[in-house]
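Now for the letters of each chain:
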Amino acid sequence: MTPEPPVIEVFADIWCSFAHIGLRTVAAQRTAAGRDDIAIVVRSWPLELVNGVPLSVDKTHEHIVELQEFVAPDAFAGFDARQFPSSTLEALALVARAYRTSLELGERASFRVRDALFEEGRNVGEPAVIAELAAELRIGLPDDTDRAQVRSDWEEGRQRGVIGSPHFFANGHDVFCPSLHIERGDHGLTIHANAQKLDHFLQQHAFASPSA
């Protein structure tokens, strides 16, 4: 039997700015470590279902400003709050459809939809944008199987103890948002890169040999 490729699983939503930075950081670290054999599998953690309401564009914009100030000054270059989607369920379903084809295509779709939202200012909840991204990725539009997968991921995440977006799993271990240190104060959040925590998770778990 052909062994399953090693993976880093991430439960995340598309409109989560922390996930956008976290995924980019982990992908860069993976490349720097010469471990491009490890796939990043981004599972759906739909915050509108988790919280019962859509994510606030104002709160997201505040987080983006904080991330640009403390962590990633060159990120979110094209973000347009006016194009913030009211739902990410269909975009999550598009990513699920891509993963049905291959891990490589699924990972590419995961990053592509986030770049479309945060770097290009596109409303990834709009059917026309979904269709454009599907055509670019050379996959079909999401169907009911893909939409069911989004909800299945959410249910599985709840069973596995996911506490927020992004929540990483690798080799029997898990950690919430390992690339960032987030503190809540009287005047909002203070966010810093957390290289030590991320490096520990990657080196000790994600990049390590599978547990016996």
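Cut-off values and rules
Residues numbered from 1 in each chain as written. Predicted model: local features only at pLDDT ≥ 70, side-chain atom pairs only at ≥ 80, totals over all residues. Heavy atoms only, no water. Axes fitted to C-alpha atoms, helices over the stretch in contact; angles between N-to-C directions. Helix = DSSP H or I, 4+ residues; strand = E, 2+ residues; numbered from the N terminus. Parallel < 35°, antiparallel > 145°, perpendicular 65-115°, else oblique. Contact = heavy atoms within 4.5 Å. Nonpolar A, V, L, I, M, F, W, Y, C, P; charged D, E, K, R; others polar. Buried < 20%, exposed > 50% of the residue type's maximum accessible area, 1.4 Å probe, protein only. Pairing = 2+ DSSP bridges. Right-handed = clockwise from strand over helix to strand, strands pointing away. Polar contact = N/O pair within 3.5 Å; in protein donor to acceptor, adjacent residues only side chain to side chain.

### Let's talk about the packing of helix α4 (residues 89-101) against helix α7 (residues 144-159)
Here comes step 1: Two numbers describe how α4 lies on α7: the axes approach to 8 Å, and their chain directions differ by 105°. The orientation of α4 with respect to α7, classified from their angle, is roughly perpendicular. Contact residues: α4 offers Leu89, Glu90, Leu92, Ala93, Ala96, Arg97 and Arg100, while α7 offers Thr145, Asp146, Arg147, Gln149 and Val150.
Here comes step 2: Split into classes, the residues belonging to the contact of α4 with α7 amount to 5 nonpolar, 2 polar and 5 charged.

### Observations regarding the environment of leucine 137
Here comes step 1: With respect to the helices and strands, the residue leucine 137 is situated in helix α6 (residues 127-137).
Here comes step 2: Considered as a pair, leucine 137 and leucine 105 are 32 residues apart in the sequence and their alpha carbons are 7.7 Å apart.
Here comes step 3: Residues contacting leucine 137, with those up to four places away along its chain left out, are Leu94, Leu105, Arg108 and Ala109.

### Observations concerning the pairing of strand β2 (residues 39-44)
Looking down a regular strand, the side chains alternate between one sheet face and the other.
Here comes step 1: For β2, the tally of buried residues reaches 6 of 6 residues, placing the bulk of the element in the interior.
Here comes step 2: Taken together, the 6 bridges between strand β1 (residues 7-12) and β2 define a ladder with parallel strand orientation. Bridging across to β2, isoleucine 8 finds its partner in isoleucine 40.
Here comes step 3: As for the winding sense of the linkage, the β-α-β connection from β1 through helix α1 (residues 17-32) to β2 is right-handed.

### Here's the deal with the pairing of strand β3 (residues 167-170)
Here comes step 1: Side chains His167 and Phe169 project from β3 onto one buried face, and the interleaved Phe168 and Ala170 project onto a second face that is buried too.
Here comes step 2: Both β1 and β3 contribute to a ladder of 3 bridges, which runs antiparallel. Residue pairing in the sheet places phenylalanine 11 in a bridge with histidine 167 of β3.
Here comes step 3: Taken together, the 4 bridges between β3 and strand β4 (residues 173-176) define a ladder with antiparallel strand orientation. Paired with phenylalanine 168 across the strands is valine 175, a residue of β4.
Here comes step 4: Connecting β3 to the antiparallel partner β4 that follows it, the hairpin turn spans 2 residues, and asparagine 171 within it adopts a positive phi of roughly 55°.

### Observations regarding the side chain of serine 165
Here comes step 1: Tracing the chain through its elements places serine 165 in the loop between α7 and β3.
Here comes step 2: In terms of polar contacts, serine 165 uses its side chain to reach the backbone amide nitrogen of aspartate 13, at 3.0 Å.
Here comes step 3: In contact with serine 165, not counting residues within four places along its chain, are Phe11, Ala12, Asp13, Cys16, Phe18, Ala19, Trp45, Leu47 and Phe176.

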